[in-house]
Amino acid sequence: MYLPRQLISHLYLQLLRSHHPLSPPVLILVALEPDALCACRILTALLKRDYIPHKIQPVAGYGDLSRAGEELVRPMQTTNGGSGGVVVCLGVGGLVDLGEILALSNPEDEVEDMGGVEIWVFDARRPWNLGNVFGGLAGMGQPMAEIDANARRRGRGVDKGCITSAYTSKNGGIIVYDDGDIEEELRNEREAYYALLEMPEVDDDDDDASDDGSEDETQTGSKKRKSWSGREDDEDSEGDEPPHQRRRSNSGSSIASTPTRRKKTGINSSNSSRSATPTTDSPSPTEAKQPSARSLKKRLINLKRRHDSVLQSYYSSGTSYSEPISSLIYSLASELGRDDNDLLWLAIVGVSSLELSGRTMTGVGISNTSESGGSAGWGGQRGEHIRQILRDEVHRLNPPDPLESNRDIRGEINGVIPTTARSPTDTSIRLSPEPRFLLVRHWSLYESMLHSPYLAPRLHVWTENGRKRLHKLLAKMGISLTQCHQYYTHMDMELKRVLRSRLLKYAPMYGLDGLVPSEGSGSASAREGWGFVRCWGWKACLSATDVGVIVGAMLEVGPHETLASWDSKRLPRARDDTENSGITGESDLASLLPRFWSAYDALSLTSESPTILLEALPLAQHLHRAILRTGTSLLSKHQIRHLRAFRIAVVKDGPDVKLFTNPGALTKLALWIAEAIRVQEKERGDSVKIGRKRAAGTPLVLAGLDEDRDLYVVVGTGGGGGVVDFAAMSKRQEERKKKKELKEKKQKERSERRSRRAAERAEREEETGAEDEDSEESESSSESESEDEEDPRGKKHLLRNRFGIAFQEVVQETNARVRIDSFEHCVVEVQKDDLGGFLEALSFRSVVG
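Residues numbered from 1 in each chain as written. Predicted model: local features only at pLDDT ≥ 70, side-chain atom pairs only at ≥ 80, totals over all residues. Heavy atoms only, no water.

A. Seen up close, the environment of Leu102. With respect to the helices and strands, Leu102 occurs in the loop between helix 4 (98-101) and strand 5 (117-122). Residue class for Leu102 comes out buried when judged on its relative accessible area of 0%. What Leu102 contacts, discounting residues up to four positions off in sequence, is Leu29, Leu65, Gly69, Val73 and Ile119. (Helix = DSSP H or I, 4+ residues; strand = E, 2+ residues; numbered from the N terminus. Buried < 20%, exposed > 50% of the residue type's maximum accessible area, 1.4 Å probe, protein only. Contact = heavy atoms within 4.5 Å.)

B. Structural view of helix 3 (residues 62-73). With 9 of 12 residues buried, helix 3 lies mostly within the body of the structure. Buried within helix 3 we find Tyr62, Gly63, Asp64, Leu65, Ser66, Arg67, Ala68, Gly69 and Val73.

C. Looking closely at the sheet that holds strand 14 (residues 531-535). The antiparallel open sheet is built from 3 strands, whose spatial order is 13-14-15. With partners counted over all chains shown, the strands left at the sheet margins are strand 13 (429-432) and strand 15 (541-543), one partner each. Going from strand to strand, the sheet's axes swing by 30° on average, the running direction of each strand aside. Pairing geometry for strand 13 and strand 14, over 4 bridges, is antiparallel. Within strand 14, the position partnered with Arg430 by the bridge is Val533. Packed on one face of the sheet, helix 13 (residues 341-356) meets strand 13, strand 14 and strand 15 and runs near 135° to strand 14. (Pairing = 2+ DSSP bridges. Axes fitted to C-alpha atoms, helices over the stretch in contact; angles between N-to-C directions.)

D. Fine view of the pattern of salt bridges. Here the structure, examined in full by the defined rule, presents 34 salt bridges. Of the charged contacts, one joins Asp656 and Arg629 as a salt bridge, the two residues approaching to 2.9 Å between their closest N and O atoms. Here Asp656 is found in the loop between strand 17 (647-651) and helix 27 (663-684), whereas its partner Arg629 is found in helix 26 (residues 617-636), with 27 residues between them in sequence. By relative accessible area, which is 6% here, Asp656 ends up buried. You can call Arg629 partly exposed: its relative accessible area is 40%. (Salt bridge = Lys/Arg side-chain N within 4 Å of Asp/Glu carboxyl O.)

E. Main features of the side chain of Asp64. Along the chain, Asp64 falls in helix 3. A distance of 3.5 Å separates the side chain of Asp64 from the backbone nitrogen of Ala60, its partner in a polar contact. (Polar contact = N/O pair within 3.5 Å; in protein donor to acceptor, adjacent residues only side chain to side chain.)

F. Structural context of the environment of Arg709. Tracing the backbone through its elements, the reader meets Arg709 in the loop between strand 20 (700-706) and strand 21 (711-717). Here Arg709 falls in the partly exposed class, since its relative accessible area comes to 25%. Distance in space between the C-alpha atoms of Arg709 and Lys832 is 9.0 Å, their sequence separation being 123 residues. There is a polar contact of 3.0 Å between the side chain of Arg709 and the side chain of Asp706.

G. Spatial organisation of the packing of helix 2 (residues 34-49) against helix 13. Interhelical geometry of helix 2 versus helix 13 gives an angle of 160° and a closest axis separation of 7 Å. By the criterion of interaxial angle, the relationship of helix 2 to helix 13 is roughly antiparallel. In the crossing of helix 2 with helix 13, the sense of the turn from one axis to the other is left-handed. Note on element contacts: helix 13 touches helix 2 through Leu343, Leu346, Ala347, Val349, Gly350, Ser353 and Leu354, opposite Pro34, Asp35, Cys38, Arg41, Ile42, Ala45, Leu46 and Arg49. Its residues assigned to classes, the contact of helix 2 with helix 13 shows 10 nonpolar, 2 polar and 3 charged. (Parallel < 35°, antiparallel > 145°, perpendicular 65-115°, else oblique. Left-handed = near helix turned anticlockwise from the far one by under 90°. Nonpolar A, V, L, I, M, F, W, Y, C, P; charged D, E, K, R; others polar.)

H. Layout of the packing of aromatic side chains. For the structure shown, the criterion picks out 16 aromatic pairs. With 6.1 Å between their ring centres and 80° between their planes, Tyr2 and Phe134 make a pair best called edge-to-face. Remark: Phe134 occurs in helix 5 (residues 130-134) and Tyr2 occurs in strand 1 (residues 2-3); sequence separation between them is 132 residues. The burial state of Tyr2 is the same as that of Phe134; both residues are buried. Look at Phe803 and Phe807: their rings are 5.8 Å apart centre to centre, the planes differ by 40°, and that puts the pair in the tilted class. Taken together, the residues Phe803 and Phe807, both in helix 31 (residues 803-813) and 4 residues apart, mark about one turn of the helix. The exposure class of Phe803 is buried, given its relative accessible area of 0%. Members of the aromatic cluster, connected to one another through ring pairs, are Tyr2, Phe134, Tyr193 and Tyr194. One cation-aromatic arrangement involves Arg41 over Tyr600; the distance from NZ or CZ to the ring centre is 3.8 Å. (Phe/Tyr/Trp six-rings, centres within 6.5 Å; stacked < 30°, edge-to-face > 60°. Lys NZ or Arg CZ within 6 Å of the ring centre and 35° of its normal.)

I. Structural detail: the nonpolar core. Ranked by internal contacts, the top residues of the largest apolar core, which has 211 residues, are Leu90 and Leu842. Contacts of Leu90, omitting those with residues within four sequence positions, involve Ile28, Leu29, Val30, Ala31, Ala36, Ala39, Cys40, Leu43, Phe122, Ile325 and Ile329. (Core = buried A, V, L, I, M, F, W, Y, C linked by side-chain atoms within 4.5 Å.)

J. Just the sheet that holds strand 16 (residues 641-642), in detail. Across the sheet, 6 strands lie side by side as 16-17-20-21-23-22; this open sheet has mixed pairing. Looking at the sheet topology across the chains shown, the edges are occupied by strand 16 and strand 22 (818-819). Where strand 20 and strand 21 come together, 7 bridges link them in antiparallel fashion. Its bridge partner lying in strand 21, Leu702 is registered against Val715. Its contacts with the sheet put helix 32 (residues 835-842) on strand 17, strand 20, strand 21, strand 22 and strand 23 (827-831), and the angle it makes with strand 23 is roughly 135°.

Have a look at this one:
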């Protein structure tokens, strides 16, 4: 089931009304990533204000998620002695069947019952698991075959998976929070899903039905209790799913195991349920004969294949990212009237963190929005729209001080980067024309520019000539090497005042058009590309990007002094994947727990938050120094190879090799290298053509050697797939509406022609009826497929990251020992001896689609 955006507070208000002192605590499962951490902080702040007890459980991967289901979620079920409750998944579970992986449902049970456990899912990853979105219904305590499907859904306030205001939390279920994508973009998938679910079981391989009439009658007669034209789907059937969804938890009940009953209409009337042949009563001369059983079966098979292709196309399009979950939960707080500066800051940090980890509308990879200026947006125009809403919220919750307004306005007009608070008690959030430098307030200007993921690849700083170009840029701006090697806060004040204007003047000469945001025009809230800064009195002044970089480093590098003193229990090994792949070792959660809680404390809403962040600042600097060193080594030594579909590089020696055994750190290194490769290709005029599309870069596979576990951590990043043009999308939607109207008109004319030819078709029904029906069905199917190619989402031209699907295909077809446990499906672990064969098989796969 899914909760529409306009009802985002519906379930929370129900939880608030039904809560009492004996209610079980809300269980929050949190992914180890900054966006999920920020979302967790916002949600727990809401729960604390309403005195709702809760428990936080970090989850490192699917193995930990499955173990949490066995140890924490399943005991909550009323069928297992519990009292039900709410489980909130933050950044986990969107791509898999949560009912199965959390051990809440058994596909073999005739009665669907989740024992009063309700799962709330917040996840920015796409594609959704459609079983969670349109299924996830708790049972009604009786066999489903005895319940009419529509009555069951609508009676519980659910209409084809969409929760209405009449819904009440009673029996539990899986509920996905919709950020708007489901309602607007998955109409075709929803219709296909329910059409397949209501169809009777049919064997696609047996479409060549026997010519024996009695056999046809026997086969079709057993299925006459369902209408072939019903509209439901069991997308969870293993045969209907792509490999990357099938591996883990979409192997739920098949179509045959969901025997919902439909009213018999048309060809499945009670008079025709025993036989597909017409009755012996004398029909009127103008009455058409019933189609043959063989014709009905072929029509059903063709219809099923067409709906299957819709779901297959959705799953095989590759991964992408939608709205950050921290932004979505801030919308919940705003709807409840609980929004304040602290929660707004957490939402801003969560949104900023996505672009740092390369999470774009085309999956994990580099984004073309980096050329547009300001911050590299995670979602093109949509991402900028969300950031603009956050800017409006900043001005609403942080009105200017009348006594300080003139000075503040002058500073904003001149584009001076704020580095101090306005007063000792100032904790406000301000807009700032942030340049694309890294940790500029906490580093020297030279170091900040040198380690910038935007500037370094474009100046080729891994070469001697690139360093000289950086020195020339500083010289043109009139900044001496002595000044730029000082901490930025200690630089000459006049240089800091003119820095932005000189960057705007000289950066385009070096191909750095997007280094700083454009000049603000109009109202203060309309400054596109401007960043966010918050001060805690004289204690600290940090930008949202700074906080995202530091928190990410705490999760990826880890505070070593905390690890040394942490008295943690050794958790059991991750199940299934670890044991089956031949890769052994203890759960990742045991080593990552200290990192999670340190990062969680750093995002606290108390005055201690900036102190923890500043103490962890050296971790972020260490990580990005290592990225520059390792990336420079790989590029300068020409250790990046070009295979058929992607480039490949391996990190197996050097001082920082252990650092890049963490998937997050390895992904940042891969993004740095991929950006450098794209800049080189652009300068040479190269581009990669995929079908009729031309990519703005080559996908990259980066492997990091983990000697302790004798394996490689492998990550696949996309090469940049462009940005959605929403103006063009609107135009295409208008064109699709016209095409749809034209199609309906043609269908009406074709229906009239069919009725006129009904008498003629009845005469030759027994001889050529099946062939006629097949040709008509094929014609309808081809028209529908051509319509599907238009892609109502308007995103077909985006080259999404398909490494997750490609990895699954290689695993199924080779003997490589591979562990797939990360929520990022483009990250896998490969046994050291199997890396060569794994990459060879991968090179023949489509990794961008």
